[in-house]
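# Structure at a glance
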Amino acid sequence: MMRREAGWYALLLPAFLLLSVFYVTPILQVLAISFLEPSPGFSNYERIGTNLSVQRVIITTLRICSITTVLALLLGYALSYTITLASERARRWWLLCVLVPLWISVLVRAFAWVTLLRRQGLINQTLQGAGVISEPLELVWNEFGIIVGMVHYMVPYAVLPMLASMREIEPRLLAAARGMGASRGQVFARVFLPLSMPGVVAAGVLVFIFSLGFYITPAILGGGKTLMVAEWISLQILDLIRWGLGTMMATLLVVTILVTLAVFSRVVNMRRLFGGA
Amino acid sequence: MSAALELRGLAKRYGSFVAVEGADLAVERGSFLTLLGPSGSGKTTILMMIAGFTEPSAGQLLLDGQDITALPPEKRAFGMVFQGYALFPHMSVAENIAFPLRVRGQGRAERDEKLRAALDLVQLTGFADRLPKQLSGGQQQRVALARALVFDPALLLLDEPLSALDKKLRAELQEELRALHRRVGRTFINVTHDQEEALSLSDEVAILNHGRIIQKGAPAALYERPRSRFVADFLGKSNFFQGVVRELGGGWLGVQVAGLRLRQVVDGPRPGLGAAVLLSLRPEKIAALGAEESADNIVEGVISAWSYLGAGFSLAVETALGVLRVHLPAWRAPFVPEIGAALRLGWAADAPTLVDDDDAA
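Given the structure is predicted, the values throughout are model-derived calculations rather than measurements.

Conventions and cut-offs
The residue count restarts for each chain, going from 1 along the sequence in the order it is written. Here chains are named by letter from A upward and ligands by number from 1 upward, in the order in which they appear as written. A pLDDT threshold of at least 70 governs which residues receive local features in this predicted model, and a stricter bar of 80 or more applies before side-chain atom pairs are shown or counted, although totals over entire chains, interfaces and linings include all residues. Only hydrogens and water are removed before side-chain values are computed, so all heavy atoms of the structure are retained for them. By the convention used here, residues are in contact when the closest approach between their heavy atoms is within 4.5 Å. The buried area of a pairing is the accessible area, by a 1.4 Å probe, that goes missing from both parts when the two are put together, added over both. The term salt bridge refers to a pairing of a side-chain nitrogen on Lys or Arg with a carboxyl oxygen on Asp or Glu at a separation within 4 Å. In protein, a polar contact requires one atom able to donate a hydrogen and another able to accept it; more generally it is a pair of N or O atoms within 3.5 Å, and residues adjacent in sequence count only if both atoms are side-chain atoms. The numbering of helices and of strands both runs from the N terminus, where a helix is a DSSP run of H or I of at least 4 residues and a strand a run of E of at least 2. Should DSSP find at least two bridges between two strands, the strands are regarded as paired. In this analysis, axes come from line fits to C-alpha atoms, helices being fitted only over the stretch in contact, and the angle between any two N-to-C directions falls in the range 0 to 180 degrees. Candidates for patches are residues over 30% relative accessible area with no salt bridge; among them, like charges are joined within 9 Å and nonpolar side chains (Val, Leu, Ile, Met, Phe, Trp, Tyr) within 5 Å. In short, Shrake-Rupley with a 1.4 Å probe defines the accessible areas, and a residue's cover is counted only from the protein chains shown. Using a 1.4 Å probe on the protein chains alone, a residue whose accessible area is under 20% of its type maximum counts as buried, one over 50% counts as exposed, and one in between counts as partly exposed. Residue ranges assigned to the domains are those given by an automatic or database domain assignment. Comment on the angle field: the value is read as roughly parallel under 35 degrees, roughly antiparallel over 145, roughly perpendicular from 65 to 115, and oblique elsewhere. Two helices cross in a left-handed way if the nearer one is turned anticlockwise from the farther one by less than a right angle. They cross in a right-handed way if the turn is clockwise.

### Side note on the interface of chain B and chain A
With 22 residues of chain B at the interface, the matching set in chain A holds 15 residues. For the chain B and chain A pair, buried surface summed over both sides reaches about 1,600 Å², with 69% attributable to carbon and sulfur atoms. When the area that chain B buries against chain A is broken down by residue, the three leading residues are Glu-74, His-90 and Val-103 of chain B, summing to 31%. The closest approach of N and O atoms between Arg-178 of chain A and Glu-74 of chain B, which form a salt bridge, is 2.6 Å. Between chain B and chain A we count five residue pairs in polar contact (both at pLDDT 80 or more) in total. At the level of elements, helix 2 (73–76) and helix 3 (93–102) of chain B are the ones that each hand at least two residues to the side of chain B that touches chain A. With three residues, helix 3 of chain B is the single largest residue contributor to the side of chain B that touches chain A.

Written out as structure tokens, the structure is:
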């Protein structure tokens with residue numbers, strides 16, 4: 001018995017080695033560098049309290065991620081609700097429409113938004129042509145543009161956990177509520193919404209954590225003017241060669257994600273969030 | 001008594017499939033009616049049409065003489081106990097029971113009072129703050145009942161309310177349900193496929209098959225005087241004899257069955273000479289006769305199988321009429337059964353019933 005189990009664990013060994021060599025080691029190295037460069041000590045971390053540029057990028061990132069999460073949850077909830085109540089056939093088409101964007105490169109989608117949102121883009125030209133505005137609106141290369149792109153990217157990730165949790169709601173409960181005299185609105189507010197909350201929390205955590213590390217979308221739609229953490233790190237390390245500062249921020253990012261996960265794993269079932277049974 | 005609820009030609013078709021074929025039914029105020037039938041017989045569809053969850057394809061539904069066919073379920077507001085109870089998992093027992101009051105916008109004081117009365121009614125006073133998943137099956141069932149009754153509905157609809165429980169608990173809750181019905185005095189409509197439950201609970205039973213109500217009546221009347229082979233077979237067990245009328249007496253017939261002449265009492269319309277008839281005989285109405293004893297009908301047989309049921313024996317006896325199923329109370333069985341043992345069986349001329357052969361498929 002023991003020998004057979006040891007055999008199964010041996011099968012995990014290659015993957016384990018791969019992960020530890022190529023994943024855990026670099027992360028530990030990043031952690032080490034953040035304490036060692038330019039001089040050993042906590043100097044890099046002290047900047048969180050003193051350096052305005054560091055503070056600004058943290059606050060900007062948190063703000064953009066929060067807004068993105070709220071908008072993605074709202075849109076995603078409406079979509080999941082529609083899909084849950086749709087017929088079996090319609091549900092399949094809805095799911096396809098939700099999932100197709102996932103298969104298109106982030107880069108392509110970001111540039112697509114640029115062409116739509118820029119000063120001579122489709123939206124500004126249409127509005128100007130219709131006489132609604134005289135000057136083009138600043139829709140891209142700012143926070144607004146970033147948020148549009150990120151929400152668009154995140155909606156499917158918001159839909160999937162919420163859909164899973166909504167589909168677990170027994171239709172009989174909704175019928176029972178109506179049978180007891182509840183209007184459609186009351187059935188939603190008192191039964192459906194509370195029962196779908198685990199999915200909403202799970203989706204919120206997932207979207208927020210994904211958003212924190214966004215790189216390509218903010219880089220393209222922010223136009224270098226609005227910096228989020230990931231782009232800022234790359235700037236520090238690749239352009240300014242300030243390894244200490246860059247790795248400090250990277251460590252902070254990893255710690256933030258782990259803490260968020262730890263807090264919410266008490267509230268929601270994380271295995272469901274990441275697709276486990 | 002006036003009919004509280006009346007179904008007039010209520011039908012449901014799904015495309016070419018007929019789920020319910022023009023059901024006519026009048027339910028008396030305060031009575032306990034059970035819709036009994038095998039799965040797929042349309043009993044649940046009828047209940048769902050009464051509740052308003054399923055729209056009838058044809059026919060009318062009247063409550064106290066008022067047409068309610070077009071009303072949505074929340075406007076009918078009948079109490080309903082769903083299969084599996086459908087308790088709200090995120091609400092405590094108290095919140096579950098108060099739900100119908102809350103959605104009606106009743107004030108806190110009134111709500112609390114009714115809640116207390118409802119908890120009291122189902123003997124769950126100490127459980128108000130528990131969540132449904134912390135309750136046993138029987139307790140959940142009582143919460144469902146309290147929730148369905150708390151807003152004084154005109155009707156209580158029960159969809160297989162006891163099917164999720166084990167046998168012993170089911171028997172207990174049957175008694176409770178019956179006592180509850182007496183206490184609240186409301187009209188109950190129950191759906192089940194369990195014939196014992198139907199017999200023990202109901203004032204009236206309507207038996208359904210293939211989307212049609214086949215016979216309706218008090219449990220004893222249905223059991224003693226089934227009108228058709230299906231009813232006799234579904235409600236309990238029965239032996240069937242196919243025969244031909246060869247003799248007409250005053251109030252009785254002589255029926256020829258496989259070489260034997262059986263004496264049979266008739267109280268309904270009498271078939272003529274030469275008519276083919278079907279007799280249904282309950283296994284417990286057959287007696288094992290001693291050598292000296294006599295009966296209207298006697299047949300000799302050999303035991304081919306038997307089982308001990310505690311209260312009695314169940315025997316399969318090979319006779320000239322075919323294999324007869326016989327139930328004997330253990331304390332009155334004059335022998336210890338044994339395969340191959342010879343046996344004289346007898347029954348009274350009024351024990352079997354003449355039934356229509358509707359092919360009990």
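### Side note on the sheet that holds strand 19 (residues 342–347) of chain B
Residues and elements named next belong to chain B. Spatially, the five strands line up as an open sheet ordered 15-19-16-17-18, and their pairing is antiparallel. Strand pairing shows two members of the sheet lacking a second neighbour, strand 15 (287–288) and strand 18 (322–329), which therefore form its edges. Where strand 16 (residues 297–308) and strand 19 come together, six bridges link them in antiparallel fashion. Each residue of the ladder has a partner; that of Val-302, found in strand 19, is Ala-342.

### Considering the sheet that holds strand 14 (residues 276–281) of chain B
Residues and elements named next belong to chain B. Taking strand neighbours across the sheet as the criterion, the five strands line up as 13-12-11-14-20 in an open arrangement whose pairing is antiparallel. Strands with a single pairing partner mark the edges of an open sheet, and in this sheet they are strand 13 (260–265) and strand 20 (353–355). Between one strand and the next, the sheet's axes are offset by a mean angle of 50°, whatever the strand orientation. Bridge count between strand 11 (residues 239–248) and strand 12 (residues 252–257): four bridges; the pairing is antiparallel. Among the inter-strand pairings, Glu-247 is bridged to a residue of strand 12, identified as Gly-254.

### Some remarks on a nonpolar patch on the surface
All names here are of chain A. On the surface, Trp-93, Leu-96, Val-100, Trp-103, Ile-104, Leu-107, Val-108, Phe-111, Tyr-215 and Ile-216 cluster together into a nonpolar patch covering about 990 Å² of accessible area. Secondary structure elements with two or more residues in the nonpolar patch: helix 4 (88–99) and helix 5 (106–117). The biggest single contributor to the nonpolar patch is helix 5, with three residues. Mapped onto the secondary structure, Leu-96 falls in helix 4.

### Observations concerning the pairing of strand 14 of chain B
All names here are of chain B. Judged by how many residues are buried, strand 14 sits mostly within the fold: five of six residues are covered. The pairing of strand 11 with strand 14 spans six bridges and is classified as antiparallel. Bridging across to strand 14, Val-244 finds its partner in Ala-276.

### Observations concerning the domain arrangement of chain B
All names here are of chain B. Segmenting chain B into domains produces domain 1 (3–233) and domain 2 (234–355). Counting from both sides, the interface comprises 19 residues of domain 1 and, opposite them, 17 residues of domain 2. Between domain 1 and domain 2 the total buried area reaches about 1,600 Å² when both faces are included, carbon and sulfur atoms providing 53% of it. Applying the counting rule to domain 1 against domain 2 returns two salt bridges.

### Thoughts on helix 11 (residues 229–239) of chain A
Residues and elements named next belong to chain A. Judged by how many residues are buried, helix 11 sits mostly within the fold: eight of 11 residues are covered. Of the positions making up helix 11, those classed as buried are Val-229, Ala-230, Glu-231, Trp-232, Ile-233, Ser-234, Gln-236 and Ile-237. On the buried face of helix 11, the contacting elements are helix 3 (52–85), helix 9 (184–212), helix 10 (216–221) and helix 12 (243–265). Taken from the residues just after helix 11, Ile-241 is the one with a positive phi, measuring 50°.

### Details of the packing of helix 3 of chain B against helix 5 (residues 137–149) of chain B
All names here are of chain B. Between helix 3 and helix 5, the shortest axis-to-axis distance is 7 Å and the interhelical angle comes to 30°. When the axis of helix 3 is compared with that of helix 5, the two are roughly parallel. In the crossing of helix 3 with helix 5, the sense of the turn from one axis to the other is right-handed. Here Val-93, Asn-96, Ile-97 and Pro-100 of helix 3 come into contact with helix 5, specifically with Val-143, Ala-146 and Arg-147.

### Points about the pattern of salt bridges
All names here are of chain A. On inspection of all chains with the given rule, the structure shows 21 salt bridges over all chains. With a closest N to O distance of 3.2 Å, Arg-91 and Glu-88 form a salt bridge. You can see Arg-91 and its partner Glu-88 sitting in helix 4, three residues apart, about one turn around the helix. By relative accessible area, which is 11% here, Arg-91 ends up buried. On the basis of relative accessibility, which here comes to 47%, the residue Glu-88 falls in the partly exposed class.

### Topic: the environment of Arg-104 of chain B
Inspection of the secondary structure assignment puts Arg-104 of chain B in the loop between helix 3 and helix 4 (108–121). Separated by 47 residues in sequence, Arg-104 of chain B and Phe-151 of chain B have C-alpha atoms that sit 9.2 Å apart. Ignoring anything within four residues of it in the chain, the contact list for Arg-104 of chain B reads Met-180 and Gly-181 of chain A together with Ala-77 and Phe-151 of chain B.

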